[in-house]
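Observations on chain architecture
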Amino acid sequence: QVQLVESGGGLVQAGGSLTLSCAASGSTFRIIAMGWYRQAPGKQRELVATITSGGNTGYADSVKGRFAISRPNATNTLYLQMNSLNPEDTAVYYCKAVLIRASRDYWGQGTQVTVSS
């Protein structure tokens, strides 16, 4: 299993930037993909961005061109660089890890991002 701890959330004005981090520990060698998800009040959790162990990335249409996911050299830290933030990006952001031969995915506890207009 793995443990995931997010950090870097906070309050930012519209148009600003934030970088989220997700530190993974435990059986990190089993990670085949990681991702960022977010959940706004009253809404379902939604995919933001994903990255495979091979470096392939994917993004939700709403964040393409503004957000960038990275995991430098398949290290144990996942990042989400968020630029041109707008109030619709306000949510709790969660990190997820997918492990090979695992019965479930692993989630962090979340970090709050609030964008003021």
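Scroll up a little and you will see the structure.
Residues numbered from 1 in each chain as written. Predicted model: local features only at pLDDT ≥ 70, side-chain atom pairs only at ≥ 80, totals over all residues. Heavy atoms only, no water.

Take the overall build of the protein chain next. Counting secondary structure elements, the protein chain contains zero helices and eleven strands. The C-alpha atoms of the protein chain give 14 Å as radius of gyration, which agrees with the globular expectation for 117 residues (13 Å, within 12%). Across its three principal directions, the C-alpha atoms of the protein chain cover 45 × 25 × 20 Å. Residue burial in the protein chain is summarised as follows: out of 117 residues, 40% are buried. As presented, the protein chain carries roughly 6000 Å² of accessible surface, and 48% of it is formed by carbon and sulfur atoms. When the 10 basic and 6 acidic side-chain charges of the protein chain are each reduced to a single mean position, those positions are 9 Å apart. (Helix = DSSP H or I, 4+ residues; strand = E, 2+ residues; numbered from the N terminus. Rg over C-alpha atoms; globule rule 2.2 N^0.38 Å. Buried < 20%, exposed > 50% of the residue type's maximum accessible area, 1.4 Å probe, protein only. Areas by Shrake-Rupley, 256 points an atom, 1.4 Å probe, with all protein chains shown as cover. Lys, Arg positive; Asp, Glu negative; His and termini not counted. Charge placed at Lys NZ, Arg CZ, Asp CG, Glu CD.)

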